[in-house]
Structure formats: C-alpha cells, structure tokens
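Structural description and commentary
Below are the chains, spelled out letter by letter.
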Amino acid sequence: MEGLDAIVVGGGLAGLAAAYTLAREGLGVILFERGDHPGSKNVTGGRLYLDPVKPLLDGLWKEAPLERQVTKERITAMTEDSSVTFEFSSERLKGHSYTILRSPFDRWLAEKVTQAGAFIVPQRKVTDLLMEDGRVVGVKADEEEIPASVVIIADGVLSPLGEKAGLRRPLEAGRAAVGFKEVIKLGEEEVSRRFGLRKGEGLAHLFFGAITKGIFGGGFLYTNRESISLGMVVGIGDFREEMPFEMPQVLEDFKARAEIAPLIEEGELLEYSAHIIPEGAYRLVKRLYGDGVLLAGDAAGFALNHGITVRGMDFALASGVLAARAVREAKKRGDFS
Ligand SMILES: Cc1cc2nc3c(=O)[nH]c(=O)nc-3n(C[C@H](O)[C@H](O)[C@H](O)COP(=O)(O)OP(=O)(O)OC[C@H]3O[C@@H](n4cnc5c(N)ncnc54)[C@H](O)[C@@H]3O)c2cc1C
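All values reported here derive from a predicted model rather than from experimental measurement.

Turning next to the sheet that holds strand β8 (residues 126-132). The antiparallel open sheet is built from three strands, whose spatial order is β8-β9-β10. Two strands close off the open sheet at either side, each with one partner strand: β8 and β10 (144-147). Averaged over all pairs of adjacent strands, the angle between their axes in this sheet comes to 35°, without regard to strand direction. Here β8 runs beside strand β9 (residues 135-141); their pairing, made up of six bridges, is antiparallel. Looking across to β9, one finds that Leu-129 is bridged to Val-139.

Structural data, given as structure tokens:
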C-alpha cells in the first residue's frame, strides 16, 4: 500500500462522497467501514435536501435510489389530546428534496465509489491513527498499520478518531439527541392514498408539542415509495433518571396517538433503528483539519437539529466532497500539512 494518497474512515455519506471525489480525481484511496457494508450502521430520518449538493456531485443523481420527491409539507402542534396541522404544498417545492432509505442509498453510492476506482474495505474498524512528529501518517486497522499521505475522518457523530487527532472534544449529553425510527411498509398505492399523493410525490410531516413529554425534540413522518419512515428525536441532555418512562417509549406513545395510529394501521414493520444526533456539535470542533488529517460530516459537527428538523445528509455529502478537493490541492502542492 506504499504511495496511498488517502484513507477515508467511515462509509457514511461523508466518507463515500470523499472517496468518490478522490477516486474521480485519480487519487489512490481506501475507505474503511466497520459495518458489514456502507449503510448497514447508518440511520437517518429520511429527507435529503438534494439541491445544495447536486452541483458538487454532478451527474450522479439520475440513477440514484431516491424514494419520493417532497411536494408537500405538514407541521402538527400537539397537546395531550388535540392537535392542529398546517399544510403547505407548492410547485416550488419540486426537485428540492427527496426521501431516501439509507441502506439502498448508501449501497448504491458505495457501488459508484468502487466504479470510480476507490477500494472499500467493509467489516474493518480503524482503531487508531498513526502519528509521526505530530503528523497523521496513516491508520491502524485490526493491528495492521496502513500509511497514507492524508486521512479523512468521517466516523460519525461520536468521532473518537477526531478526538485522537486533537481536532475536537468529546460529545456531551447536552449537545446530543437520540433518534428512534421505524420503517413501516404500506405498499405504494396505499402510501399515495393515505397521504393524498400522486405517484412519485412525497410528504414531509413534522410534529412537536406534548409528544416529547417536556423534552426538547419532535416527531417526523416521511413517505417513501412503498413505506413510511416514522420517528422521534429527543434531547439526551433534558432526560432525567426520575422521569417515569424510558426514552424509546416516546415513539410507542407517538404511534398510539389518534393522529398517527390510522396512518400506520396494518403496516408491516421493516426496520427499527436508533442513533445519536449532534446538536450544535460544531462548537466541539476546534479545527476541521490538522497535519495530514481532515474531518467531514457529523464528525465535523455538520448537522442541524432543531428538534423537529434534522438535517445533516447534505452537509455530510458536501463536506466529504470539499475535504477531498482540499486533499487534491494539497497533493498538487506536495504539502499535506
Ligand atoms: C433519527 C435521525 C434522523 C435524521 N434525519 C435526517 C433527515 O431527515 N435529513 C438529513 O439531512 N439528515 C438527517 N439526519 C442526520 C444525518 O443522518 C447525518 O447527519 C448523516 O447521516 C451523517 O453522515 P456521516 O457520513 O457524517 O456519518 P454516518 O452516517 O454516521 O457514517 C459514519 C460511518 O463511519 C463508520 N465508522 C465509525 N467509526 C469507524 C471506524 N473506527 N472504522 C471504520 N468505520 C467507522 C460507521 O459505521 C458509519 O458507517 C438524521 C439523523 C438521525 C439519527
């Protein structure tokens, strides 16, 4: 592996976008992913704001496994036993954002990365950074030492490697929320019928109020082609041991609400997942780069969590591309510091 230009740690959207861009530029790159395949460990609500990243990954989107184009927005304020909903639909929404399911989406992007010429090594956890005189010179994975000119750390929200590189501090409970999500299959026609959508059209529905039981956060419902993604996000910092419920219970209670239960009736549970979401975590990041190393995606604190809106996938894709471009420029100058 002598002469490897870059190692990317993490096969989420940030890491995949970085590896794709590097490979397309003709640089030698290996991506390590600890999961069985890219996407296997990744959780998202499901709305990708595609507009900002389209120009950065030009031409890639035509065959992307996008579920539905969001053409309708709803927001519901909930008390214990009542609610009020606002709906907004407009031609102007068309083409801006799409719902996606991460497992097929990340697998598809990983295929593009491989086709572009990068190596993806799944089931391989990077355990440490190789350092030389304060400079990052490679990584350690399963006791093997792999040198490279530069390492892009895209290991997600907790980013222990970002800490090791001295680029960020640990995530505190006050800067984190936890998201619980279910993917529920209803069938394509039924999704369209229940949510008043035409073929290919999608709904993004957000919820706030009593459903989070006094904790910062909110709920979301996104329509996929033949399923829905339904979930809750709640702030970890607000949670107290003496609270008379476990965190996952908020999603169960949400599903039992009169506004939600009919929407998921007779649906088949396809997937359950939970994941941490950073909240203002950019404040934990001291620098986005060091000597021989860069951060991208959630690792760099690039996520926006308003409780009802969580956004990070477009930031992950964009920061991966931009990190790769910085590496390309560094290589041209022969200086990775
Ligand atoms: C419940 C929930 C709802 C959300 N909703 C939305 C939404 O609707 N829209 C939106 O834009 N964003 C949303 N987000 C945020 C978005 O999902 C993230 O910001 C984005 O996925 C971050 O991508 P990433 O590549 O930085 O990190 P990740 O997707 O977390 O990828 C990190 C990868 O690194 C791998 N890894 C970690 N450590 C190592 C290691 N040591 N060695 C090898 N591999 C390693 C992991 O297995 C993982 O595959 C949501 C997040 C959650 C949790």
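Further notes follow.
With that out of the way, let us pick up helix α5 (residues 249-256). Taken together, the buried positions of α5 are Val-250, Leu-251, Phe-254 and Lys-255. End-on view of α5: buried residues confined to an arc of 135°, all on one side of the axis.

Position of Lys-255 among the secondary structure elements: in helix α5. In this structure Lys-255 comes out as buried when scored by relative accessible area, which is 17%. Excluding its chain neighbours within four sequence positions, the residues that come into contact with Lys-255 are Glu-182, Leu-230, Ile-260, Ala-261 and Ile-264.

Definitions and cut-offs
- Residues numbered from 1 in each chain as written.
- Predicted model: local features only at pLDDT ≥ 70, side-chain atom pairs only at ≥ 80, totals over all residues.
- Heavy atoms only, no water.
- Pairing = 2+ DSSP bridges.
- Helix = DSSP H or I, 4+ residues; strand = E, 2+ residues; numbered from the N terminus.
- Axes fitted to C-alpha atoms, helices over the stretch in contact; angles between N-to-C directions.
- Buried < 20%, exposed > 50% of the residue type's maximum accessible area, 1.4 Å probe, protein only.
- Arc of directions from axis to C-beta.
- Contact = heavy atoms within 4.5 Å.

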